[in-house]
Amino acid sequence: MEETVHLRNLHQPQPLLVVISGPSGAGKDAVVKALKQTNYSFHFVVTTTDREPRPGEVHGVDYYFVSTQEFERMIAADELLEYSTVYNQFKGIHKSQVRDALASGKDVIMRLDVQGAEKVRKMCPDAVLIFLAPESEEAWLLRLHTRNTETDEAFQVRFETAKKELEDAKKFDYVVINAHNQLDDAAQTILSIIEAEHHRTTPRRIQL
Ligand SMILES: Nc1ncnc2c1ncn2[C@@H]1O[C@H](COP(=O)(O)OP(=O)(O)OP(=O)(O)O)[C@@H](O)[C@H]1O
Ligand SMILES: Nc1nc2c(ncn2[C@@H]2O[C@H](COP(=O)(O)O)[C@@H](O)[C@H]2O)c(=O)[nH]1
């Protein structure tokens, strides 16, 4: 009698939880936007925040904008998977959003500051952590200045925080350089990482 060969069991990709992190101005939002423009189908986690929307930001697309009181209610009700105070404002991720997306079989991508990424690592060791970084200090400063969304004081806080965050890059699984005017290359590298992750012999298993 011939032995059965279980080829079908060899490749069974599981949905990934991918965290894109890195210092302010590294290009996290830009790279997520670039990923959305590719054929890759994923769920982008929309963060809830109590900060005011910036011009052009859309509720439900860029963030869920809520009052501080509503955010505090979510914390008390234990509705958030992760939350942090980032530059004096609350940022957090609703558990149900992530669970529903993973249950649908889609990869889930979230962009978090570095402290948030570390919290997700503790809660979910099988998450894929990607540290996005600019290629030089000059390019990075130019980028942050060109975006023109911070006061001088806020800018300085982000810059000082970023210097510390760079030291944490080694705790991540991957580092991707988002070189100036090479955004599509950075997005492509992230897609390659995700593709490779789907071919692991032992798939990462996300349990929340
Ligand atoms: N590769 C790149 N080349 C040139 N400009 C870029 C590149 N990547 C991003 N940018 C620009 O740099 C600025 C900062 O990018 P972005 O807002 O995506 O950073 P971020 O990491 O999400 O920052 P924050 O953490 O403060 O939200 C934006 O104006 C964006 O358009
Ligand atoms: N810890 C978390 N950080 C988050 C989350 N969503 C976004 N962020 C990060 O906050 C800063 C500031 O963002 P901004 O839009 O106000 O400039 C930035 O680094 C984001 O990546 C989150 O859910 N948790």
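Residues numbered from 1 in each chain as written. Chains lettered and ligands numbered in written order. Predicted model: local features only at pLDDT ≥ 70, side-chain atom pairs only at ≥ 80, totals over all residues. Heavy atoms only, no water.

The name recorded for the protein chain in an unreviewed UniProt entry is Guanylate kinase, from Levilinea saccharolytica. Regarding the protein chain, the UniProt comment filed under Function (unreviewed entry) reads as follows: "Essential for recycling GMP and indirectly, cGMP." Of the comments in the UniProt record for the protein chain, the one headed Sequence similarities (unreviewed entry) reads "Belongs to the guanylate kinase family." (UniProt positions renumbered as here; feature names shortened; annotations may be inferred.)

Lining the immediate environment of ligand 2, one finds 17 residues, of which Arg51, Arg54, Tyr63, Lys91 and Asp113 sit closest. Within the side chain of Ser84, an N or O atom sits 3.3 Å from a nitrogen atom of ligand 2. Contact with the protein chains covers 97% of the free accessible surface of ligand 2, which is 510 Å². Those elements that place two or more of their residues in the shell around ligand 2 are β5 (80–86) and β6 (89–94). Here the shell around ligand 2 is composed, by residue class, of five nonpolar, four polar and eight charged. (Near = heavy atom within 4 Å. Polar contact = N/O pair within 3.5 Å; in protein donor to acceptor, adjacent residues only side chain to side chain. Areas by Shrake-Rupley, 256 points an atom, 1.4 Å probe, with all protein chains shown as cover. Helix = DSSP H or I, 4+ residues; strand = E, 2+ residues; numbered from the N terminus. Nonpolar A, V, L, I, M, F, W, Y, C, P; charged D, E, K, R; others polar.)

Attention now goes to the site of ligand 1. For ligand 1, the set of nearby residues contains 17 residues, the closest of which are Ser24, Lys28, Arg143, Arg158 and Asn181. With respect to ligand 1, the backbone of Gly27 contributes an N or O atom lying 3.0 Å from an oxygen atom. Interatomic distance of 2.7 Å between a side-chain N/O atom of Arg158 and an oxygen atom of ligand 1. Contact with the protein chains hides 80% of the accessible area of ligand 1, taken as 630 Å² for the molecule alone. Within the residue set of the shell around ligand 1, elements represented by two or more residues are α1 (28–36) and α5 (137–147). Counting residues per element, the shell around ligand 1 draws most heavily on α1, which supplies three residues. Its residues placed into classes, the shell around ligand 1 shows five nonpolar, seven polar and five charged.

Our next topic: the UniProt feature "binding site: ATP" (unreviewed entry) in the protein chain. The sites that carry the UniProt feature "binding site: ATP" (unreviewed entry) are, in the present numbering, Gly22, Pro23, Ser24, Gly25, Ala26, Gly27, Lys28 and Asp29. Within the fold, Pro23 resides in the loop between β1 (17–21) and α1. We classify Pro23 as buried; its relative accessible area is 0%. In contact with Pro23, other than residues within four places in its own chain, are Lys28, Phe131, Leu132, Trp140, Ala162, Glu165 and Leu166. Within the secondary structure layout, Gly25 lies in the loop between β1 and α1. Taking the relative accessible area as the measure of exposure, Gly25 reaches 15% and is therefore buried. When residues no more than four places from it in sequence are discounted, the contact partners of Gly25 are Trp140, Arg143 and Leu144. (Buried < 20%, exposed > 50% of the residue type's maximum accessible area, 1.4 Å probe, protein only. Contact = heavy atoms within 4.5 Å.)

Let us now look at α5. Inspection of α5 places Ala139, Trp140, Arg143 and Leu144 among the buried residues, and these make up the whole buried set. Buried residues of α5, viewed axially, fall in a sector of 130°; they line one side. Exposed residues on α5 whose side chains face more than 90 degrees from its buried face are Glu138 and Thr146. Looking at the residues trailing α5, positive phi occurs at Asn148, about 55°. (Arc of directions from axis to C-beta.)

The subject of this paragraph is the side chain of Ser21. You can see Ser21 is positioned in strand β1. Here Asp113 takes part through its backbone oxygen, which lies 3.3 Å from a polar atom of the side chain of Ser21. Among all residues touching Ser21, those that are not within four sequence positions of it are Lys28, Leu112, Asp113, Val114, Ala117, Ile130, Phe131, Leu132 and Phe172.

The next point concerns the pattern of salt bridges. One pass over the full model with this rule turns up 13 salt bridges. A salt bridge links Lys171 to Glu118; the nearest nitrogen and oxygen atoms lie 3.5 Å apart. Of this pair, Lys171 sits in the loop between α6 (152–166) and β9 (174–177) while Glu118 sits in helix α4 (residues 114–123), and the two are 53 residues apart along the sequence. A relative accessible area of 24% places Glu118 in the partly exposed class. One salt bridge in this structure joins Glu197 and Arg200, with 3.8 Å as the shortest N-O distance. The exposure class of Glu197 is buried, given its relative accessible area of 4%. Each of the salt bridges in this network shares a partner with another, and the network as a whole consists of Arg51, Arg54 and Glu57. (Salt bridge = Lys/Arg side-chain N within 4 Å of Asp/Glu carboxyl O.)

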